Amino acid sequence: MKYNVRTKIIMVVILFAMFFSFGTINVKASMYNNKPSIVIIKQPQSVNEANGKQFTLKVEATGTGLKYKWQAQRTGESSWADFSDTTATLTRTMSSTYNGWKIRCIVMDANGNSVTSDSATVKMTTGPVITKQPQSVNEANGKQFTLKVEATGTGLKYKWQAQRTGESSWADFSDTTATLTRTMSSTYNGWKIRCIVTDANGNSVISDVATIIMINNEDWELPIM
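**Student:** Hey, could you run me through the environment of C195 in this one?
**Tutor:** Here C195 lies in strand β18 (residues 192-198). Classification of C195 by relative accessible area gives buried; the value is 0%. When residues no more than four places from it in sequence are discounted, the contact partners of C195 are V149, Y158, K159, W160, V205, I206 and S207.

Take a look at the structure:
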């Protein structure tokens, strides 16, 4: 069968178009097949927490048969050490041990693919400092007395507590400022009072204890000469 020039040109164009389309399909298929099987959708976040408080790091990812390996880069070191934790969360109690650590998570799927999360920095926040302690009180019945505490820190809150005479536990006052004022009576005689100062990060410090003593009227009388 003979073809004229025009027919040959048309056939070449058709073959070229088919080849180009097939190649494009293969490229797209290859790109799809090489698409990462694990995607981290929520990275672990850096932590600022008070000493003694719990902190939690969490990673969220999509994929099949996911496994998790948490790692830490300790302060001043360049290598990464494995935690024993194998879930999507890591929880610890804050202490100076963890201060400055960088923590990350390696997420692996059932096919052996893996992806490493961003690193989160762990920082232990420092607490408030009491600069003036409440002082013990000796006051007459019916007179007002005031206890006061002074402290440095951010977002300070105050909780006054009393240990009543003959008791070992501490009971909270309703007062929430840096001063506590009451009118002296036999009720308060012998009480021990302290203040817990807490900052915005949850760090707290307990003041010294002040003792309340009621002075009887006869104690104020001048001695007979």
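**Student:** Help me out: how do you make sense of the packing of aromatic side chains in this one?
**Tutor:** Where two aromatic rings form a pair, the distance of their centres and the angle of their planes describe that pair. A full pass over the atoms with the stated rule returns 6 aromatic pairs. Centroid distance F173 to W191: 6.3 Å. Interplanar angle 50 degrees. Geometry classified as tilted. With F173 in the loop between β16 (171-172) and β17 (179-183) and W191 in the loop between β17 and β18, this residue pair connects regions lying 18 residues apart in the sequence. A residue is classified by how much of its surface remains accessible, and F173, at 14% relative accessible area, is buried. Their ring planes at 80 degrees and their centres at 5.0 Å tell us that Y188 and W191 sit as a pair that is edge-to-face. Overall, W191 belongs to the buried group, its relative accessible area being 8%. In this structure an aromatic cluster arises from ring pairing among F55, F83, Y98 and W101.

**Student:** Whenever I open this one, the nonpolar core confuses me. Can you help?
**Tutor:** Across soluble globular proteins, you tend to see nonpolar side chains buried next to one another. By size, the foremost hydrophobic cluster in this structure holds 22 residues, and its most contacted members are L57, V59, W70, F83, M94, I103 and V107. Setting aside residues no more than four positions away along its own chain, M94 makes contact with V47, E49, A50, N51, G52, K53, F55, V122, K123 and M124. L147, W160, C195 and A210 belong to the second largest nonpolar core, which has 20 residues in total.

What counts, and at which threshold
Residues numbered from 1 in each chain as written. Predicted model: local features only at pLDDT ≥ 70, side-chain atom pairs only at ≥ 80, totals over all residues. Heavy atoms only, no water. Helix = DSSP H or I, 4+ residues; strand = E, 2+ residues; numbered from the N terminus. Buried < 20%, exposed > 50% of the residue type's maximum accessible area, 1.4 Å probe, protein only. Contact = heavy atoms within 4.5 Å. Phe/Tyr/Trp six-rings, centres within 6.5 Å; stacked < 30°, edge-to-face > 60°. Core = buried A, V, L, I, M, F, W, Y, C linked by side-chain atoms within 4.5 Å.

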